[in-house]
Amino acid sequence: MTESIPRPGPAFLVVSGLVAAAFAIGSGQLWQVLPWQRFGWSLLIGSAALLAAWLPQRTTRWSIASGLIVVWVLALAWFAGPPAVIATCLLAAAALGIGLRLTPPIPGQGTLALVVGLMVIAGATGWLILLPLHHALAWWTLLVVIVFVQRAALVEYFRHAQIGWRRDVAAAPAWAASAILLLGLASTACWLPTMQADDLAYHLGLPSQLLAHQRYAPMPQHQVWSYAPWSSDILQGIVAVLSRGQGRGAVNALWLAVTAAAVWVAMGRLSTSSKERWACVALFASFPPLVWLAAGMQTELPAMAVLVALAATLLPVTAGRPHDEHPSHVLHVAAILTGGLFALKLTHALAGLPLLVYAGWRHRHHWPWRRLLIGLVIVSAIGGSSYWYSWRVTGNPLLPLFNATFASPYFVLRDFDDLRWHAGLGPALPWHLVVDTHRYSEEAWDGGLGITLIALAGAWVLALWRADTRSFAIAATLTILLPLLPLQYARYAFPGMALWLIVVVPGLESVLGKRWFAPTIIGICLVNLAFQANAGWTQHSSALKHLLRSGGDNAAVLVDYVPERVLIARLPDDGSIVLATDPARGFIAELAGRGRTMSWHDPALEAARIAAEADTSGERWRALFASTHAHWILMTPANTSPALGTALRNAAAMRIAQAGDAELWQLPYGAQHP
């Protein structure tokens, strides 16, 4: 893959994808929805980071890439908080120490070991999450002991990693700086406070309960997702316990860095040049949905790291040859990572299946089939805790999914479905994902997936055409398609899209030639960066600008976008029940079990709300206050019905505070009874 003279046939295929991307922007009139102001802010932040990294480089031997890492880490510590960053570093060090004991000494061992260690910690904790064991002192002691026991291996690893970093950066310093710059710009989403609806309604629940109660107490009667796969939230919870506060930004920054490193390792398996490896990292970093994922707690971000690490584990160490290490040596690693995908979400495990089939077929003659039973036990141990507890308590291991089959009393007797995401599959799906993104994601604007899928479609065809890359290209493509079969919801395919880059980038420098390779990659990255804010509302809004202008004051951002969090912060820690009456804003997860939502997440309360809204006297609302033992009411005046207003007046409720467009009311004890 070192040839620099473009060949007409392959070059024509690659160029055809670039032309198609330009046509997509033009025909879809995507320039009309391009967030120019937010793009300008990205350029401004990037320029400031480059300047800050360049100044010390004038007097030290540091590279620009190394300086940028320091700049981005310091910025993360300022906005996410030093305690969260320190706690995340301790968790990562302990995970690396565990992983180094379990991962064979193959190229990229450290990156794979870190992912393996994180999944082992999350998997083991999942079986203990319901017990009151999760004190800060206990977790600090455990992780420090692990680091101490593994100190020799960790010191040796970091010594080699430092040498390898300098070598890899020196091989392509401009490319390295560009990749780290883009990765840092994606990490700006980690600076924001947690504001996405799913996080506030569900994901913050587990970390908040660990902080408040040292255990997780699922309540499927009030939150149907209580037993959903929880490993991602467990890691968030561990950092929260260690830092005595929410650490989402720091944990997500770790996942960004780990995924980028896994992309580098996987590209190395394909004997690519340093430029191509850095280019692939840059394309990954410019993938617009990263900013939406990094601003929230959805599982797709850690799933990217685990899926790409699984691919790096299963790919041959040297292209075109069997594994240099015996397949049995990586079987346990692959099993841990597969279990990690199950522990994150069933959809992610489905996405990883083609990689396992690819590895099984490739090594069918010398794969240790008799040891697969051990592998299945490992998968179950790492990924099975949430499914087991859900089955034992609710009767449905996948609640609320497939409830027509399992008939759990905690959800309606039908299969969970979302009719918004049935746009249909077809050969034009990649085109529609780029041009009509809003049809495939509820929080995205058109262009929010970037143009990579179309721009490098020709390179994908070329990978399918080549015999040495065909089988892996098919497997990687299926990691995108399989999650989209039941629902055409773009988020489920994000991990596969990250893996897909490893298919399309190798050989591009040879096909395009050195003269055109750099402009092609840089052009795609710039267009992706321009549309980055269209990936989700958190970046599309002025939230980041408000945060920067306030010097990092989260309250200044929350009051405009999620005022409920400001009001919740004012509540006394007395254990009394808080009722969120707006079904579209049931943001009560951080109340650690005290909150009640009236959305479909709580089917019984949703039905009670609908009945109460039909009673203009307000008596049914007052009966609902009584049945829930609510003492605090979160409401949105603009969405408050006359029935609820009447009930509050009749119950002698008092408005205690207002923030943004939300209000907090207090019901006198006993006065809420009709």
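Scroll up a little and you will see the structure.
So, here's what we can say about the structure. Residue positions are counted from 1 within each chain, in the order its sequence is given. This being a predicted model, a pLDDT of at least 70 is required before a residue's local features are given, and a value of 80 or more before pairs of side-chain atoms are given or counted; all residues contribute to the totals for chains, interfaces and linings. Values reported for side chains reflect all heavy atoms of the structure, with hydrogen atoms and water molecules removed beforehand.

Below, the discussion takes up the overall build of the protein chain. For the purposes of this entry, the term helix denotes a DSSP run of H or I that reaches at least four residues, the term strand denotes a run of E that reaches at least two, and both are numbered from the N terminus. For the protein chain, the helix and strand inventory stands at 34 helices and five strands. Computed over its C-alpha atoms, the radius of gyration of the protein chain comes to 25 Å, within 12% of the 26 Å expected for a compact globule of 674 residues. Overall, the protein chain is about 80 × 55 × 55 Å in size when its C-alpha atoms are taken along their principal axes. Whether a residue is buried, partly exposed or exposed follows from its accessible area with a 1.4 Å probe, protein chains only, as a fraction of its type maximum: under 20%, in between, or over 50%, in that order. Counting across all 674 residues of the protein chain, residues that qualify as buried make up 59%. Accessible surface is estimated by sampling points in the Shrake-Rupley manner with a 1.4 Å probe; for residues, cover comes only from the protein chains shown. As displayed, the protein chain offers around 26,500 Å² of accessible surface, 66% of which is attributable to carbon and sulfur atoms. In this tally, Asp and Glu contribute negative charge and Lys and Arg positive charge; neither His nor the terminal groups of the chain are included. All charge positions are set by atom: Lys at NZ, Arg at CZ, Asp at CG, Glu at CD. Here the protein chain holds 42 positive side-chain charges and 33 negative ones, and the gap between their average locations is 10 Å. Each radius of gyration reported is based on C-alpha atoms, and the globular scaling rule is 2.2 Å times the count of residues to the power 0.38.

Attention now moves to unusual backbone geometry. Leave glycine aside and you will find that most residues have negative phi; peptide bonds, for their part, are mostly trans. Note that the residue after L399, namely P400, is joined by a cis bond; omega there is 5°. Residues other than glycine seldom take positive phi values, yet R244 does so here, at roughly 55°. Looking at the secondary structure, you find R244 in the loop between α11 (231-243) and α12 (248-269). You can call R244 exposed: its relative accessible area is 52%. Not every positive phi belongs to a glycine, and A407 is a case in point at roughly 55°. Mapped onto the secondary structure, A407 falls in the loop between α20 (403-406) and α21 (429-435).

The patch calculation keeps residues exceeding 30% relative accessible area without a salt bridge and links them within 9 Å when they carry like charges or within 5 Å when they are nonpolar (Val, Leu, Ile, Met, Phe, Trp, Tyr). The salt bridge criterion pairs a side-chain nitrogen of Lys or Arg with a carboxyl oxygen of Asp or Glu, the two atoms within 4 Å. A cluster of nonpolar side chains, namely W127, L128, L131, L133 and W388, defines an oily patch on the protein surface of about 460 Å² accessible area. Mapped onto the elements, L131 comes out in the loop between α5 (109-126) and α6 (136-149). On the basis of relative accessibility, which here comes to 39%, the residue L131 falls in the partly exposed class.

Moving on, we come to the packing of aromatic side chains. Side-chain rings of Phe, Tyr and Trp (the six-membered ring for Trp) are treated as a pair once their centres are within 6.5 Å; stacked means planes under 30 degrees apart, edge-to-face means over 60, and tilted covers the remaining angles. Overall, the coordinates contain 20 aromatic pairs when judged by the stated rule. Judged by centre distance (5.7 Å) and plane angle (55°), the ring pair of Y358 and F472 falls under tilted. On the criterion of sequence distance, the pair formed by Y358 in helix α17 (residues 346-362) and F472 in helix α24 (residues 470-484) is long-range, its members being 114 residues apart. You'll find Y358 and F472 in the same group, each marked buried.

Glancing now at α17. Every α-helix winds through 3.6 residues per turn, so residues three or four apart in the chain are directed the same way. For α17, built from 17 residues, the straight-helix expectation of 24 Å at 1.5 Å per residue is met to within 8% by its first-to-last C-alpha distance of 25 Å. Along α17, the sharpest change in direction is near 30° and occurs at G352; proline P354 comes one to four residues later. Among the residues of α17, those classed as buried are T347, H348, A349, A351, G352, P354, L355, Y358, A359 and G360. Multiplying one less than the number of residues by 1.5 Å gives the expected span of a helix. The reported bend at a residue is simply the angle between two axes, fitted to the 7 residues ending at it and to the 7 residues beginning with it.

The full count for this structure, using the stated rule, is 12 salt bridges. Between R439 and D436 there is a salt bridge whose closest N-O contact spans 3.9 Å. On the basis of relative accessible area, R439 is assigned to the partly exposed category, the value being 34%. Residues R594 and D574 are paired through a salt bridge, measuring 3.3 Å at the closest nitrogen-oxygen approach.

An axis is simply a line fitted to the C-alpha atoms; with a helix, the fit covers only the stretch in contact. Between two such axes, the angle follows the N-to-C directions and lies from 0 to 180 degrees. Between helix α13 (residues 274-286) and helix α27 (residues 514-530), the shortest axis-to-axis distance is 9 Å and the interhelical angle comes to 15°. Here α27 runs roughly parallel to α13, going by the angle between their axes. Crossing handedness for the pair α13 and α27: left-handed. Seen from α13, the contacting residues are K275, E276, A279, A282, L283 and S286; seen from α27, they are F517, I521, I524, C525, N528 and L529. Tallied by class, residues from the contact of α13 with α27 come to eight nonpolar, two polar and two charged. Any angle from 65 to 115 degrees is called roughly perpendicular, while one under 35 is roughly parallel, one over 145 is roughly antiparallel, and all others are oblique. Handedness of a crossing is defined here by the sense of rotation of the near helix relative to the far one, left-handed for an anticlockwise turn of less than a right angle and right-handed for a clockwise turn. Contact between two residues is taken to exist if any of their heavy atoms lie within 4.5 Å; hydrogens are not considered. For this classification, the nonpolar set comprises Ala, Val, Leu, Ile, Met, Phe, Trp, Tyr, Cys and Pro, the charged set comprises Asp, Glu, Lys and Arg, and every other residue, Gly included, is treated as polar.

This part is about the sheet that holds strand β3 (residues 630-635). Pairing is mixed across the open sheet formed by five strands, whose spatial order is β2-β1-β3-β5-β4. Two strands lie at the open edges of the sheet, namely β2 (595-597) and β4 (654-659), each paired on one side alone. Shown here is a sheet whose adjacent strand axes are inclined to one another by a mean of 25°, direction ignored. Across the face of the sheet, helix α33 (residues 619-628) comes into contact with β1 (577-580) and β3 while running at roughly 140° to β1. Each pair of strands is called paired provided DSSP finds at least two bridges between the two strands.

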